[in-house]
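# Chains, contacts and geometry: an overview
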Amino acid sequence: MAASASSSLLSSRSPIKLTSLSSLTWRLPVSVSLPRHQRRRASPVFVVLSMDAKPTVLVAEKLGEAGLDLLKEFANVDCSYNLSPEELCTKISLCDALIVRSGTKVSREVFESSGGRLKVVGRAGVGIDNVDLGAATEHGCLVVNAPTANTVAAAEHGIALLTAMARNVAQADASIKAGKWQRNKYVGVSLVGKTLAVMGFGKVGTEVARRAKGLGMHVIAHDPYAPADRAHAIGVDLVSFDEAISTADFLSLHMPLTPATSKILNDENFAKMKKGVRIVNVARGGVIDEDALVRALDAGIVAQAALDVFTVEPPPKDSKLIQHENVTVTPHLGASTMEAQEGVAIEIAEAVVGALRGELAATAVNAPMVPAEVLTELKPYVTLAEKLGRLAVQLVAGGSGVKSVKVTYASARGPDDLDTRLLRAMVTKGLIEPISSVFVNLVNADFTAKQRGVRITEQRVLLDGSPESPLEFIQVQIANVESRFASAMSESGEVTVEGKVKDGVAHLTKVGGFEVDVSLEGNIILCRQVDQPGMIGTVGSILGEENVNVSFMSVGRTAPRKQAIMAIGVDEQPSKAALKRIGEIPAIEEFVFLDL
């Protein structure tokens, strides 16, 4: 067999186009009246209009003039604000693109009402919770957002809250306006020489760190996947989560809201902090357990908090957190500067115009249409690729930083018969989405990886035999990292996972140098143990007592009575107590829980 390698960042193939548009004509669907039950299956009927016909862009919420000017150069622009859901559904059949902010819900009914004409939805901002991505993809509509224009504004607001909190600006202002003069009550604290922990070292976190350094603060950061060289370049040390929260005088939160970060600041972690710590949050409200924060404020563990975001927005008027005298609050103003609003308008306008021209937008958040026959054949391998990426990144120890990833495909098919771009995109999705708020797909996978300093290379292993099946196995390796599970390291020193499709289902078949066989459904517990009788029963009993259902269990070993790896598929996440009991079994040398 032979192997060949290529870089995902230097693909030699032609770029994929969403549609092919003539320079002389614009193809628009004619509205056809059909019974409601037939509309979803109906294909749009196209006619060719003159070169003077322009696409129509509906702007449903206020957009900066610079963005509107860009749109008007290319399209007819209809600015109709405060539309009811019914009015939006009525108007959308006459539009090729729709631009919204967070106040307009783009539901399945909107896509169905478009009759196939709507080609792109632009979200002027980052979050796309108000857009039904599944319905958009089903109807062949691209969804794009504007993720970068708000960076500086959010960072500046974080610094504004930091300084206002330290000097009691909001409280002193309210006091004077109430006719009081309380200089002694509002003595603040100095920032110079204090330690600021930036929790999440992405774009905004990096900009906050730069500005805090200028204020004379000592800055540390925690981000398991941030490149250490980028941090060191601006004089920031990357540290563990526990070190960050236990040594900081100030915490500034810039992490995405994911299952791993939801309520990450809770009673347990507040108890680890310095007494008198001060907290700023301009990221996502859900990363803080708000009830726990009130308890920490009342106990004096947290001296002050400055919050721009909340679990529920707007928060209840009688919220104990909002009303707390040591809390400074603003109504989600992180992106609310004139410059940021104009930047967002330009960014989203450029993305929408590019999509209407048939170009692929780097800020796309859903996948373009893939030929049905290709998708049908690759569907189980797409699932396998994403799961392997998700497993591999969870096996990396925090602080290592993922920079170099190699994906190996073993197949009897030649390079021209197997386009791996979709598979590579799904590996990238699995690697990045668990630790980021970015949505990764075929459109933006390579861009997203490159933006984060992750180089993904591909290698093909050509097998002898029938090419009926597209792939024999996929292997994902992450180099130059430490692992949470030492047995996942291959002999050459990479975190290594390998899998294949069996009867249409993705299976994990190799971890490090150990052979296993477990279905990639639900979640997985990996245990390295001394190979001895009764281990399967012992672990199974603990899980059974916790009412955790075991779907698969597989053991791979080096030799009888030597070392073995047990891979256990579970439908539910075991409690911390159950996992602790498993870890305390004498024969188990290490274990890890992996969320799929």
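The structure displayed is predicted, hence computed values, not measured ones.

## Remarks on the sheet that holds strand β25 (residues 588-595)
One open sheet holds the 4 strands; their spatial order is β23-β24-β22-β25, and the pairing between them is antiparallel. The two strands at the open ends of the sheet, each matched to only one other strand, are β23 (550-557) and β25. Direction aside, neighbouring strands of the sheet carry axes that sit 15° apart on average. Where strand β22 (residues 523-530) and strand β24 (residues 563-570) come together, 8 bridges link them in antiparallel fashion. When the sheet's bridge partners are listed, Gln-529 is paired in β24 with Ala-564. Packing against the sheet, helix α17 (residues 535-545) makes contact with β22, β23, β24 and β25, and its axis sits at approximately 30° to β24. Each of β22 and β25 touches helix α18 (residues 576-583); the most contacted strand, β25, lies at about 150° to it.

## Focus: the confidence of the model for the protein
Summarising the model, the protein shows a mean pLDDT of 85, and 89% of its residues fall at 70 or more. Note that pLDDT drops below 50 for residues 1-52; the model gives that stretch 84 contacts with residues more than four away or on any other chain.

## Thoughts on the pattern of salt bridges
Counting across every chain of the model gives 22 salt bridges. Among the salt bridges present, the one from Glu-458 reaches Arg-424, with a minimum N-O distance of 2.6 Å. Of this pair, Glu-458 sits in strand β17 (residues 455-462) while Arg-424 sits in helix α15 (residues 421-432); the two residues are 34 residues apart in sequence, bridging distant segments of the chain. For Arg-424, a relative accessible area of 4% corresponds to the buried category. Connected via shared salt-bridge partners are Asp-96, Arg-117 and Lys-119.

## Remarks on the nonpolar core
With 54 residues, the main nonpolar core has Leu-395, Val-405, Ile-478, Leu-508, Leu-520 and Leu-526 as its most contacted residues. Broken down by element, the residue count for this core peaks at 9 residues, all from helix α14 (residues 372-394). Non-local contacts of Leu-526, meaning those with residues more than four positions away in its chain, are made with Leu-395, Phe-485, Val-511, Met-566, Ala-567, Glu-590, Phe-591, Val-592 and Leu-594. Membership of the second largest hydrophobic core comes to 31 residues, among which are Met-199, Ile-245, Met-255 and Ile-288.

## Observations regarding the side chain of Arg-528
Of note, Arg-528 is situated in strand β22. Given the relative accessible area of 19%, Arg-528 is considered buried. Side-chain polar atoms of Arg-528 contact the side chain of Ser-487, separated by 3.4 Å. When near neighbours in sequence (up to four residues on either side) are disregarded, Arg-528 contacts Phe-485, Ala-486, Ser-487, Gln-563, Ala-564, Ile-565, Ala-587, Ile-588, Glu-589 and Glu-590.

Conventions and cut-offs
- Residues numbered from 1 in each chain as written.
- Predicted model: local features only at pLDDT ≥ 70, side-chain atom pairs only at ≥ 80, totals over all residues.
- Heavy atoms only, no water.
- Pairing = 2+ DSSP bridges.
- Helix = DSSP H or I, 4+ residues; strand = E, 2+ residues; numbered from the N terminus.
- Axes fitted to C-alpha atoms, helices over the stretch in contact; angles between N-to-C directions.
- Contact = heavy atoms within 4.5 Å.
- pLDDT = per-residue confidence, 0-100.
- Salt bridge = Lys/Arg side-chain N within 4 Å of Asp/Glu carboxyl O.
- Buried < 20%, exposed > 50% of the residue type's maximum accessible area, 1.4 Å probe, protein only.
- Core = buried A, V, L, I, M, F, W, Y, C linked by side-chain atoms within 4.5 Å.
- Polar contact = N/O pair within 3.5 Å; in protein donor to acceptor, adjacent residues only side chain to side chain.

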